There are 2 protein chains.
Amino acid sequence: MRTTFHAELDRLAAELGAMCATAGSIMSSATAAVVYGDMNAADRVWSELSHLSALNQRVQDRTLTVLARQAPVARELRFVVSAIRIAGDADRMGGLAANVAKVAQRNHPAPAIPSDTTAHFAEMGRVAVELANRAHHALADFDADKAREVGPADREMNDLHRRLFTLVSDATWTHGAAAAVDVALLGRFYERFADHAVEIARRIVFEATGETPERTDYEAAMEATL
Amino acid sequence: MRTTFHAELDRLAAELGAMCATAGSIMSSATAAVVYGDMNAADRVWSELSHLSALNQRVQDRTLTVLARQAPVARELRFVVSAIRIAGDADRMGGLAANVAKVAQRNHPAPAIPSDTTAHFAEMGRVAVELANRAHHALADFDADKAREVGPADREMNDLHRRLFTLVSDATWTHGAAAAVDVALLGRFYERFADHAVEIARRIVFEATGETPERTDYEAAMEATL
C-alpha cells in the first residue's frame, strides 16, 4: 500500500514536470511565431495547449484520488497540496505562452513586433524556455538544488522586461502606440511566465527542505514592477 | 466531530468570501488612485494587501489542518481542494489590483491616464468591484445561483476591455506610446481580475451542483482576447 502510495506521488511529480516541459514547448513555438513569423509554430501551440490541459486534468484527478484513498498526512500531505498549486502555475504558463502566439496570429501577415525588438524577444523566449525546463527537471527529481537554479534566470528575465518597458515608454520610440501596446503586453506575458516558474521553484524548495521561501508573496507583490 | 468538521468548512467558505471582499476593496482604492489621483487611496492598498495575505495564510493553514485531521472524502474533499484553488484566484485578484495602484503611484503627480479615459476606467473599476462582491456573497453562502450572476458582469468587463484596446490601437490615439502602454496594461489588470472572479464562480457552481462548467479552461484560453 505504501509502495502504491509513493508510486502515485512519483507519478504526480513526473506529470507536473511534464506540464512544465509542455509549457516551455508552447513558449518556444509562440516565440518562433512572434520573432520569425513562423505560423506553423503558431498552429502547433493549440495542440500543445490541449496536451497541457489533458496533463492538468490527470494531475487533478490523481491528487483527489490520493487524498481520498491514502489520507496522507504531514509531509506527504503538504506535497500533494503543493502539487495542486504547482499544476495551477504550470497551467497558467501555458495560457500565457498561448497569449504570445495569439499576438503573432492577430497581426499576421504583418510582423508581430518591430524588427529592432526581435533580438530582445528571441532572448526573452530563450530565457523563458530555460526556466520552464529547469522547473521540469527540478520537479521530476523534486530537487531543491535544481529548483534554486531558477532564480538567476528569473533575474535575467526581469532585467530584459525592464529594458523593454523603458524602450516603449521612451520618447525615441518611433513605431507608434499600437506597436508599443503589443510589445508591452508581450513583455508582460513573458514576465508572468517566468514568475510562475519561480513560484513553482519556491514551492519545491519549501517542500523539499522546509526552508521558508526567500520572500513572502506579499513582499514579491510589493516589489514586482508592472 | 462532524459538527467541528462542518464548522471548519463554514469558516473556510467565510474566509474565502472575505478574501474576495478584500480584493474588491483593494481594487476600489486602486481605481480611485488611477481615476482621481487619490494617493491616500493608493496608500491604503498596501495595508489591505497585507490583510489579504494574512487571510490567504489562514485559509492555507485551515485546508491543511482539515485534510490532515478530518481525512474528508467525496464532496467535502472536493470542496477543500476547491478552496485551495479559490484562495489562489482571490490572492491573485489582490495582486492585480495592487498593480493598478502601482501605475498611479509610478506616474504621480502626473495623471496616471489621459482624461478622456477616466470614465472608462471608473466603469471598469465599478464592474471589477461588483464582480468581487458577487464572488464574496456566492462564497459566503456557497450559492450556485449567486455564482451564476458573475457571468453577465464579466461580459461587461470583456466589452469595456475590447473597447479600450481598440481605442489605444487606433490611429486617432493622440496621447503617445507611453500612455498607450499604461492604459493597455491597466486594462489587462482589470480584465484578469474579472477572469479570476469568474473562475471562482465557476468552481462554486461546479462544487455546489456537479454541473460541468460552461466551457473548459482550454476553450476559455482559446477564446480569450489579449
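Just so it is clear, the model here is predicted, and its values are computed rather than measured. Residue positions are counted from 1 within each chain, in the order its sequence is given. The lettering of chains begins at A and the numbering of ligands begins at 1, in the order of writing. For a predicted model such as this one, the threshold for reporting local features is a pLDDT of at least 70, and the threshold for listing and counting side-chain atom pairs is 80 or more; totals across whole chains, interfaces and linings nevertheless cover every residue. Where side-chain values are given, they derive from all heavy atoms of the structure, hydrogens and water being excluded.

Asker: Before we move on, can you summarise the interface of chain A and chain B with the specific residues and values?
Answerer: In what follows, a contact means two residues having at least one pair of non-hydrogen atoms within 4.5 Å. Opposite the 42 residues of chain A that make contact, chain B presents 42 residues. Two parts lose some accessible area (1.4 Å probe) when they are put together, and adding that loss for both gives the buried area. The junction of chain A with chain B conceals about 3,600 Å² of combined surface from both sides, 69% of it contributed by carbon and sulfur atoms. Just to be clear on terms, a salt bridge is a Lys or Arg side-chain nitrogen sitting within 4 Å of an Asp or Glu carboxyl oxygen. Inspection of the region where chain A meets chain B yields zero salt bridges. Definition of a polar contact: a pair of N or O atoms within 3.5 Å, with one able to donate and the other able to accept a hydrogen when the atoms are protein atoms, and with sequence-neighbouring residues admitted only if both atoms are side-chain atoms. Counting the contacts that link chain A with chain B gives two residue pairs in polar contact (both at pLDDT 80 or more). Ten residue types, Ala, Val, Leu, Ile, Met, Phe, Trp, Tyr, Cys and Pro, are classed as nonpolar, four, Asp, Glu, Lys and Arg, as charged, and the remainder, Gly among them, as polar. Counted by class, the side of chain A that touches chain B contains 26 nonpolar, six polar and 10 charged residues.

Asker: Got a sec to walk through helix α2 (residues 39–70) of chain A? Specific residues and values, please.
Answerer: Structurally, the α-helix is built with 3.6 residues per turn, so residues lying three or four positions apart point the same way. Helix and strand assignments follow DSSP, with helices taken as H or I runs no shorter than four residues and strands as E runs no shorter than two, numbered in order from the N terminus. Expected helix span is taken as 1.5 Å per residue step, with the number of steps being one fewer than the number of residues. Its 32 residues give α2 of chain A an end-to-end C-alpha distance of 46 Å, which sits within 8% of 46 Å, the value for a rise of 1.5 Å per residue. The first or second residue beyond α2 of chain A is alanine 71 of chain A, which carries a positive phi of 40°.

Asker: Lay out the relation of the copies chain A and chain B with the relevant residues and their values.
Answerer: Residues below a pLDDT of 70 in either copy are left out; the C-alpha atoms of the rest, at least 70 in both, set the least-squares superposition of the copies. Mapping chain A onto chain B calls for a screw motion: a turn of 180° about the axis and a shift of 0.0 Å along it, with 0.0 Å RMSD after fitting. What the superposition gives is, in effect, a two-fold axis relating one chain to the other. Among all C-alpha atoms of chain A, that of alanine 177 of chain A lies closest to the rotation axis, at 2.1 Å. A share of 100% of interface residues in chain A that are also interface residues in chain B marks the association as one of identical surfaces.

Asker: Help me get a handle on unusual backbone geometry, residues and values and all.
Answerer: Residue and element names in this part refer to chain A. Put simply, histidine 108 and proline 109 share a cis peptide bond, and its omega is 5°. In this fold, proline 109 is placed in the loop between α3 (74–107) and α4 (118–140). Of note in this structure, phenylalanine 142 is not a glycine but carries a positive phi near 45°. Along the chain, phenylalanine 142 falls in the loop between α4 and α5 (144–148).

Asker: Kindly report on the pattern of salt bridges, identifying the contributing residues and their values.
Answerer: Following the criterion strictly, the structure yields 32 salt bridges over all chains and no others. For arginine 203 of chain A, the salt bridge goes to aspartate 89 of chain A, with nearest N and O atoms at 3.3 Å. Residue arginine 203 of chain A is located in helix α7 (residues 176–209), and its partner aspartate 89 of chain A is located in helix α3; the two are separated by 114 residues in the primary sequence. We call a residue buried when its accessible area falls under 20% of the maximum for its residue type, exposed when it is over 50%, and partly exposed in between, using a 1.4 Å probe and counting protein chains only. A residue is classified by how much of its surface remains accessible, and aspartate 89 of chain A, at 7% relative accessible area, is buried. Notably, a salt bridge pairs glutamate 130 of chain B with arginine 126 of chain B, separated by 3.0 Å at the nearest N-O pair. Of this pair, glutamate 130 of chain B and arginine 126 of chain B both sit in helix α4 (residues 118–140), four residues apart, roughly one helical turn.

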